[in-house]
Each structure stands twice: as C-alpha cells, then as structure tokens.
Amino acid sequence: MSEFPGPRSFTRRTLLGGAIGAGLVATAGRSLADPGARTIAARTRFFGAANVDQVTGAVRGDRVILSWFGCTSFAASFGGTVVLLDAWVPRGLHSGYVPTTVAQVGDLRPEAIFIGHGHFDHAGDAGALAQASGAVVFGTAEHCAQIESQVDAPTFRTVALGDAHSAPGETYRHSVGPIEVTAVRHVHSGPKPPDHSEAGSAPFFPVPDLRDAIANPPELCDLVALGSSLSDEEGGSLLYQFRVGGFTLTWNDSAGPLAEAGPQVYDVLRGLPASDVHVGAIQGFNQPFNGLRDVRQYIEAVRPEVFVPSHHDNWLPGLTARGDTYQVALQGELDRIPADRRPSVRFLADPGDYLRPDSLTFTL
C-alpha cells in the first residue's frame, strides 16, 4: 500500500492503529456463542491475529478495522461488531485475483450487510452471504427484494431504507449494536457534459490493463455467474455514515454528479459530523468527461481527516485498470482542496492491499 503525505495530523480522538497500537491493552468485542473454527480462522485472516480472540472469535472492541476484498466491498469491525460494506467477491473475467471466496466471507458471520446500490459488483453475493451468516441486509426496498430473490426461501431479515424513487438527500437512521448508522440517498455516477467552471476537472482515461486476466484466467462458473448478473439494477444509491465510540466513518460505493443531479445532497453531507475516515469510490462513468471532479466534491462535503479510495481496482480487465493508475489524478484533485481542509490518503492498490487489515486499522 502506498500513502500520500497529508498536510495535517490526525488530531481527533481516533489515531491510526499502526502508530500506537503496541501500547494498548486489548478489550474484547462481541463474543459468539459458538464461533467454530472456520469463523475464528476467517476473522483472523480478515482482521489480523492480534485483533481476534482465538477462543471466542471476538474482535477487539477498541478498534475499527476494515479489510478490503475488492471493488467497494469491505469486511469491517466497528468496536467489535462485524459488518459488511457491500457484498461481492470480484470474479468473472478473471478468477482468483482477490484472495478469498464467498464462503470465507460468510464465515465472518457479520451482523449486518450494508448495500450502497444494487449492481452486481456491489450486491451480487449479498443473498448467499446473508443466508449463510444470518446478517440483516440494509438497502433500499429494491435492493432488499433483489437480494432476497438471489436465494431460495430466504431466512434473513432486510431493512428497507427508502426506495428507488426516494429523493436525493433523504436520510434514514438505524443502529446495529453500538454502531449508529445514518444513510443518505444520493446519486450514482453518470456522464455529464464537461464542466467548464472553476470547479471542473479535465477528463481522465485510465489505460486498460489485461495482464491480470491473463495471469488469472476465468473459470467457466465465474463467467456464467457474471453473465447472469449483468442486468441487476441500481435500485437507488445510498451513502452511509457509521459512528461508534467517538469515531466517524463515511462510505459511498459510487460518486455521482451531484452538482447537476442533486446539489442538495451536499448540504445534507455538510450537516453530518465531519468524518475521521472517508472510504469512497473513485471510478465512475463521469470520469471521461469531468475527471475526478465528483470524487473531490464528495470529499469536500464529507470533510474527512483520512480518505481511502475504492472502486478503482482491476476487476473488469479491459475496461478497468489497476488502482495505481488513479494515484496521480486523485492527488491532483486533492491538491485543489485548501491545505487546512485537505485529507491525507491511505491509498489501496490491488492486488497487494486485499485482505490487509493493518492498512486500515484505527483506534477508538
């Protein structure tokens, strides 16, 4: 993982776990009644051996830990409560590029799955994962219906946060254990005419990269699964803010052209608590016309201390490229933010930063 230097220190309550973790006394998170060897092994792999009780399967309660498993999907532990942000293990035009499987993600036994939008590369495995783990699925009514249809006789619970017709800016609040959750309806990425104002950005064209498909050829079952899910609908887009123990994390799996399609969403985001960490998508359909302008404008509204890019890895070789091709363009956008409001960056690069909890561990 590479990291851009940031212009300001991480001064809120939360500090990066790698910097001070050695001096902490571990506190237990939520224990499982019957964790089983597979769950303990999965949590150890995703969250790190030092953060998981090898008897109870509990994850440390004094940390927030994220583990990236492709596109915008993360396994997360907020103060010991395990959840998933999106639910898809990338595969299709290649197989085995991301070093995990749907079964291993299910073995984490998350308490909840939060869906940003319904396209296959965000929700394609949600039904299987919820059925295997008993996790509650959060998303719009359309997301929930689509995910229930992915399995026979679903036994998991869903929570609908509006529907596809909800207005941008509508807000929903829930809690999962100690986690306070705010969901905000926003806009999926999409092309808009070039913005020639001072806020505009130059077009951005990452160079397609076929190396990973050659090195990780697709298996037939993955190609079939990809083909069968291409028609999955968006069903509306949701941005989430999670708060636990004084720590605030905002996550969005798409960055839409809010300047044209929903400027009121900026006001809603600015009205939320400023974020310690913002995990945001940086690949989008507007980049050939307006570069990473939309990404920057989300960051400006969310006001994070640390920004973590996602949705920039090479899961669709030929149309996508490795994440490091975005690095210069992203830094250029951040340089346009005044230094006293500019976040530092924890840049994730595929495939080396998949399942790397030490990259994204923060203390409460």
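Residues numbered from 1 in each chain as written. Predicted model: local features only at pLDDT ≥ 70, side-chain atom pairs only at ≥ 80, totals over all residues. Heavy atoms only, no water.

A.B. asks: Give me the overall build of the protein chain: which residues, what numbers.
C.D. replies: A count of helices and strands for the protein chain gives 13 helices and 15 strands. Taken over C-alpha atoms, the radius of gyration comes to 19 Å for the protein chain, in line with the 21 Å a tight globule of 364 residues would show. Over its C-alpha atoms, taken along the principal directions, the protein chain stretches across nearly 60 × 50 × 40 Å. Burial statistics for the protein chain: of 364 residues in total, 59% are counted as buried. In the protein chain, the proportion of contacts linking residues at least 24 apart, taken out of those at least 6 apart, comes to 73%. Computed over 27 positive and 39 negative side-chain charges, the inter-centroid distance for the protein chain is 7 Å. (Helix = DSSP H or I, 4+ residues; strand = E, 2+ residues; numbered from the N terminus. Rg over C-alpha atoms; globule rule 2.2 N^0.38 Å. Buried < 20%, exposed > 50% of the residue type's maximum accessible area, 1.4 Å probe, protein only. Contact = heavy atoms within 4.5 Å. Lys, Arg positive; Asp, Glu negative; His and termini not counted. Charge placed at Lys NZ, Arg CZ, Asp CG, Glu CD.)

A.B. asks: If you had to explain the pattern of salt bridges to someone new, which residues and values would you point to?
C.D. replies: Scanning all chains against the criterion turns up 16 salt bridges. When the shortest N-O distance is used, the salt bridge between R91 and D125 registers 2.8 Å. Of this pair, R91 sits in the loop between β4 (81–85) and α3 (102–106) while D125 sits in the loop between α4 (120–123) and α5 (126–133); the two residues are 34 residues apart in sequence, bridging distant segments of the chain. The partner of R296 in a salt bridge is E300, with the nearest N and O atoms 3.8 Å apart. Highlighted residues: R296 and E300, both in helix α12 (residues 293–302), separated by 4 residues, approximately one helical turn. Residue classification places R296 among the buried residues on the basis of a relative accessible area of 5%. By relative accessible area, which is 35% here, E300 ends up partly exposed. Each of D195, E260, R293 and D294 takes part in a single network of salt bridges with overlapping partners. (Salt bridge = Lys/Arg side-chain N within 4 Å of Asp/Glu carboxyl O.)

A.B. asks: Describe the sheet that holds strand β6 (residues 136–139), listing the residues and the values that go with them.
C.D. replies: Sheet strands associate in pairs through backbone hydrogen bonding, adopting either a parallel or an antiparallel arrangement. If you trace the 7 strands from one edge of the open sheet to the other, you get β7-β6-β5-β4-β3-β2-β15, paired in mixed fashion. Pairing within the sheet leaves two strands with one partner each, and these edge strands are β7 (158–160) and β15 (361–363). On average, each strand axis in the sheet is tilted by 20° relative to the strand beside it, whichever way the strands run. As judged from the 5 bridges shared by strand β2 (residues 63–68) and strand β3 (residues 74–78), these two strands associate in the antiparallel manner. (Pairing = 2+ DSSP bridges. Axes fitted to C-alpha atoms, helices over the stretch in contact; angles between N-to-C directions.)

A.B. asks: Any details on the environment of V89? Residues and values, ideally.
C.D. replies: Inspection of the secondary structure assignment puts V89 in the loop between β4 and α3. Expressed as a C-alpha distance, the spacing of V89 and G70, which sit 19 residues apart in the sequence, is 6.4 Å. Once residues lying within four places of it in the same chain are set aside, the contact partners of V89 are F69, T100, T101, V102, V105 and D125.

A.B. asks: I'd love a proper account of the nonpolar core, names of residues and values included.
C.D. replies: Core analysis: the largest hydrophobic core is formed by 62 residues, its most contacted members being F114, Y240 and F242. Excluding residues that lie within four positions of it along the chain, Y240 makes contacts with F114, I115, G116, F138, G139, L161, V181, T182, A183, L249, T250 and W251. Core analysis: the next-biggest nonpolar cluster, separate from the first, contains 25 residues, L239, L272, A301 and I337 among them. (Core = buried A, V, L, I, M, F, W, Y, C linked by side-chain atoms within 4.5 Å.)

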